[in-house]
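The lines below spell out each chain.
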Amino acid sequence: MPSPILPISNFPSSTTSAATTVVKAKVDADPSKTLLISSQLDPEKAIKPLLPRASSYNSTTNVNNSIISFSNNHQQRSRRISSDSSLALLSDQSPRRSISREVGHAASETFLLSRLCVKLLSYLGVGYRWITRFLALGCYALLLMPGFIQVAYYYFFSRQVRRSIIYGEKPRNRLDLYLPESSHGTKPVVAFITGGAWIIGYKAWGSLLGQQLSERDIIVACIDYRNFPQGTISDMVEDASQGISFVCNNIAEYGGDPNRIYLMGQSAGAHIAACTLINQAIKEAGEGDSTSWSVSQIKAYFGLSGGYNLFNLIDHFHNRGLYRSIFLSIMEGEDSLHQFSPDVLVQDSNVKPAVSLLPPVILFHGTADFSIPADASTSFADTLRRVGGKAESILYDGKTHTDLFLQDPMRGGRDEMFEDVVAIIHGGDEEALAKDAVAPPRRRLVPEFMLKLAHNTESPLEMEMEPVPRVGVVVFVLKGKSVLLGRRRSSIGASTFALPGGHLEFGESFEECGARELKEETGLEMGKAEYLTVTNNLFLDQPKPAHYVTIFLRAVLADPDQVAQNLEPSKCDGWGWYEWDKDKLPQPLFWPLHEMVRSGFNPFP
Ligand code: 8DG
Ligand code: MG
């Protein structure tokens, strides 16, 4: 059934509604599988550790290189004698801290945080969308302010908090320790990497968690790391690794049990921690090189509201205002996405020996998390189990990105996720479990009505955009009897074959949009083009439901000999020419296209 050809116009007539389609998208293929295949075929993409093999705590720091005597046998690693006074030098902690020094410290930390927030805003751009978000952030922060003030007071003035212990030479190589009051026996330890969208991560974000866990006799080390633009993802991973190394090698001096260390990260911190752990395992699975800590020292990894597949997150964040270009700068470009996507990386056959070294992985996520949807955790846990790892995901019904980490702990009383974490850490320790059973409920820090309002206001990163229909322009590029198709990697229609095309930008004609998208995605110059038809497409079963009015053009190439390149490998596996024949087209087709084929549509004149 040849379709009517109309001239391209910016004012499509209402007669085009004849082609309306309403179908629910079904995405059941796994985009990461194709990634695995491509990396296996390309020897250039053989997995390399993120850090140079030789890098170790010993070699990169002169702060306390007298402390650590490292050997490959981690069980027999010699530890520093506790009488050594150098640890006091490592910390800014002294028994007689003057009030003025505390105030000075609080002021400098506040200045750093303000600078980080201004930096984040400058990346986001000051558009209407961000002004409303900024106002929402103000309301959100005000509502939780009673809690923040109490936690800040504890952070700056509690004797149980050792702030800014130096673990390396780089600017942000500091960590905070939260110590239990009782010094009886050695304590389990949580090495924690905070979140902050890779831009505003800061160690003090972990203070509420540190306070909570230390009340249950667990030491917490909140590890700071360089943020973007001070560093990019490999710097963050390097810092996290060095911080973990410090914990593994020195925590005994603070009463920690070096054989009961848990690694935990929240949001972006969960991603950084997972990358660090896998990178370390890759190094250890290699031969003969020394490392300053071992994955075997980590009893379990806890990922809280984390994202583990950058190929999925890149579009998600782009639509929420953390734009693709900034995200790619943080992650060191398209070519690094594979290496920094734990969910994808562990599927690589080269990484198999490293996967077998990983500790149990437990991923916690709220089902109402729109900042990073919960399927990030379920997918990573599924992948790990499939490749032979030990992993599980634990979901919390109706909880958002911030509920689990902020609102729930501030509510006091029973905090479900916190209790789950503690139960795992204390598993097998009858005495600790008995104490947990009679632990007094935590104090409420914020009145319930304010927490409810905060939940409804949501943090600015949590806020969904107003859902509106968007316009897509896609092009049937015709050559002989064939059309150009590429297999998608974008979250909508992942692993299905689709036409080149994309979003209509403000002020563009359909033809300009088609030509631009074709050029951006394939490098091809579009020749003469005509309007074909329009369809109305609802993608309602996506984590973020979408609605597209899609304009279909047909075009020929300006130069028929030009070859299509895959210029956006994070969005597409590659381009090919396919004969327009129901039985010869590649499968599965992106469903709007599938529907057109099914209805007998023919893009050829
Ligand atoms: P992004 O930067 O937003 O991720 O990519 P884009 O290239 O601008 O967007 P896209 O997702 O490729 O295309 C925009 C929408 O157009 C898509 O989400 C749904 C709609 N669309 C269809 N059919 C087709 C098709 O065959 N190909 C493409 N590319 N998009 C299609 O309805
Ligand atoms: Mg596209």
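The residue numbers shown here count from 1 along each chain, following its written sequence. Lettering for chains starts from A, numbering for ligands starts from 1, and both go in the order in which the items are written. Given that this is a predicted model, residues contribute local features only at a pLDDT of at least 70 and side-chain atom pairs are listed and counted only at 80 or more, while totals for whole chains, interfaces and linings are drawn from all residues. Hydrogen atoms and water are omitted, and side-chain values are computed over all heavy atoms in the structure.

By the naming in an unreviewed UniProt entry, the chain goes by protein-S-isoprenylcysteine alpha-carbonyl methylesterase and is assigned to Hibiscus sabdariffa. UniProt positions are given in the numbering used here, feature names are shortened, and annotations may be inferred rather than shown by experiment. Quoted verbatim from the Sequence similarities (unreviewed entry) field of the UniProt record, the comment on the chain reads "Belongs to the AB hydrolase superfamily. Isoprenylcysteine methylesterase family." Per UniProt, the chain has the following entry under Catalytic activity (unreviewed entry): "[protein]-C-terminal S-[(2E,6E)-farnesyl]-L-cysteine methyl ester + H2O = [protein]-C-terminal S-[(2E,6E)-farnesyl]-L-cysteine + methanol + H(+)".

Kindly report on the site of ligand 1, identifying the contributing residues and their values.
Note on definitions. A residue lies near a molecule or strand when any single heavy atom of the residue is within 4 Å of it. Ligand 1 sits among 19 residues. The nearest are R488, L499, H503, T550 and K571. Here a polar contact means two N or O atoms within 3.5 Å. Within protein one must be a hydrogen donor candidate and the other an acceptor candidate, and residues neighboring in sequence count only if both atoms are side-chain atoms. Contacts to ligand 1 include E517, whose side-chain N or O atom sits 3.4 Å from an oxygen atom. Within the side chain of T550, a nitrogen or oxygen atom sits 2.8 Å from an oxygen atom of ligand 1. Starting from 610 Å² of accessible surface for ligand 1 in isolation, the protein chains cover 93%. Put simply, DSSP H or I for four residues or longer makes a helix, DSSP E for two residues or longer makes a strand, and each gets a number counted from the N terminus. Looking at the shell around ligand 1, the elements with two or more residues in it are β9 (470–479), β12 (501–503), α18 (510–522), β13 (526–539) and β14 (546–557). Here the shell around ligand 1 takes three residues from β12, the largest share from any one element. Of the residues in the shell around ligand 1, the class split is seven nonpolar, six polar and six charged. In this description, accessible areas are obtained by the Shrake-Rupley approach with a 1.4 Å probe, and a residue is regarded as covered only by the protein chains that are shown. Each residue receives one of three labels: charged for Asp, Glu, Lys and Arg, nonpolar for Ala, Val, Leu, Ile, Met, Phe, Trp, Tyr, Cys and Pro, and polar for the others, Gly being one of them.

So what about the packing of helix α7 (residues 233–250) against helix α8 (residues 268–285)? Which residues, and what values?
Taken N-terminus to C-terminus, the directions of α7 and α8 make an angle of 75 degrees; their axes are 9 Å apart at the nearest point. Regarding the angle of α7 to α8, the classification is roughly perpendicular. In this structure, α7 contributes I233, M236, V237, A240, S241 and I244 to the contact, and α8 contributes H271, I272, C275, T276, N279 and Q280. A breakdown of the residues in the contact of α7 with α8 according to their chemical character gives seven nonpolar, five polar and no charged. With axes taken as lines fitted to C-alpha atoms, and helix axes fitted only over the stretch in contact, angles between N-to-C directions fall between 0 and 180 degrees. An angle below 35 degrees is read as roughly parallel, one above 145 as roughly antiparallel, one from 65 to 115 as roughly perpendicular, and any other as oblique. The contact definition used throughout considers only heavy atoms, calling two residues in contact when any of these lie within 4.5 Å.

Would you mind going over the pairing of β9 in detail, with residue names and values included?
Put simply, side chains in a regular strand alternate between the two faces of the sheet. Taken across its 10 residues, β9 has seven buried, putting it largely inside the fold. The pairing of β9 with β12 spans three bridges and is classified as antiparallel. Across the sheet, the residue bridging to V474 is G501, located in β12. One bridge is not enough; two strands pair if DSSP finds at least two bridges between them. Of the strand pairs in this sheet, β9 and strand β10 (residues 482–488) are connected by two bridges, and their pairing is antiparallel. When a residue's accessible area, from a 1.4 Å probe over protein chains only, is under 20% of the maximum for its type it is buried; when over 50% it is exposed; and in between it is partly exposed.

Could you give me a rundown of the nonpolar core, with the residues and numbers involved?
Residues belong to one nonpolar core when they are buried, are Ala, Val, Leu, Ile, Met, Phe, Trp, Tyr or Cys, and are joined through side-chain atoms within 4.5 Å. Within the largest apolar cluster, 117 residues are counted, with the highest numbers of intra-cluster contacts made by W198 and Y301. Other than its neighbours up to four places away in sequence, Y301 contacts L263, A270, A273, A274, L277, Y308, P359, P360, V361, I362 and L363. Ranked by size, the runner-up nonpolar core spans 18 residues in total, among them V473, V475, V477 and L553.

Go over the coordination of the magnesium ion (ligand 2) with me, naming the residues and quoting the values.
Only nitrogen, oxygen and sulfur atoms qualify as donors, provided they sit within 2.8 Å of the metal or within 3.2 Å for Na, K and Ca; with water excluded from the atoms, sites may seem incomplete. Taken together, G501 (O) and E521 (OE) make up the protein donors of the magnesium ion (ligand 2), found 2.2 Å from the metal. With a gap of 20 residues between them, G501 in strand β12 and E521 in helix α18 connect regions that are remote in the sequence. Just as G501 is buried, E521 falls in that class too.

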